[in-house]
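Okay, here's what each chain looks like letter by letter:
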Amino acid sequence: MTGAEPRREPRRNKGFDETHREMIETAVRLISEKGADALSIAELSREMGINRTTVYYHFDSREALLAAVKAWASEQLARGMDFDLPVPERALGITRFVLENPELIKLWIEDFVSGKDIRESYPMWDELVSGVQRYFDEHQPEEKVDAAIYCTSMLTSAFIAPRVYANSVKPGESTDSIVARFLREQQRALRRDGLEWGG
């Protein structure tokens, strides 16, 4: 063999994506159980019963792992604005996710209000704002709605209000009861504004 062969990127084995997803889901569970401060590469490898080197193959640092967890949370929360899904399914999904993952939501909210571009924590932002603006322009042009402000209020209410209610207004109320109550109010508000598209 003559000359140096070009360096190749390591090939992903067939289980790479599955292992990657499992690592993120395990990290999410660890954050939910112990808080974000308890998450580390060593803790994740212990929890999964794998070598740290394997974790580092997927995430080169704790920060990269946390970024993947936040991205995963953003994907879950983005389902709440997927207008191909019926309104009740969207609203139920967000409220339940927020209530069942308090530590993860706390971590996500810190990013949400940090001053970074909102698209980093909520990738569907532009699509949401343009869809809401288009709807109001077509159906209620006399309203002159500021879609960016409207969407900021809507997201803040959907992502933060259930935690405030569960922690400070009615601690001890069951998750199912809170989800049902938020669904009723969210549907009423959407009907009021004519935004119940998608079911």
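Predicted model, so just to flag it, every value in this text is computed and none were measured.

Parameters and conventions
Residues numbered from 1 in each chain as written. Predicted model: local features only at pLDDT ≥ 70, side-chain atom pairs only at ≥ 80, totals over all residues. Heavy atoms only, no water. Helix = DSSP H or I, 4+ residues; strand = E, 2+ residues; numbered from the N terminus. Expected span 1.5 Å × (residues − 1). Contact = heavy atoms within 4.5 Å. Phe/Tyr/Trp six-rings, centres within 6.5 Å; stacked < 30°, edge-to-face > 60°. Buried < 20%, exposed > 50% of the residue type's maximum accessible area, 1.4 Å probe, protein only.

1. Section: unusual backbone geometry
The phi dihedral of Lys 144 falls on the positive side, at around 50 degrees, and the residue is not glycine. Here Lys 144 is to be found in the loop between α8 (125-139) and α9 (147-169).

2. Quick notes on α8
Its 15 residues place the ends of α8 21 Å apart at the C-alpha level, agreeing with the 21 Å of an ideal helix rising 1.5 Å per residue. Turning to α8, the residues buried within the fold contact α7 (118-121), α9 and α10 (175-193).

3. Overview of the packing of aromatic side chains
Across all of its chains, the model carries five aromatic pairs by this definition. Taking 5.6 Å as the distance between ring centres and 85 degrees as the angle between the ring planes, the aromatic pair formed by Phe 16 and Tyr 57 counts as edge-to-face. In this pair, Phe 16 sits in helix α1 (residues 16-34) while Tyr 57 sits in helix α3 (residues 52-58), placing the two residues 41 residues apart along the sequence. Residue Phe 16 is classed as buried on the basis of its relative accessible area of 8%. Ring centres of Tyr 135 and Phe 136 lie 6.0 Å apart, and the angle between their planes is 80 degrees; this geometry places the pair in the edge-to-face category. An identical accessibility class is assigned to Tyr 135 and Phe 136; each is buried.

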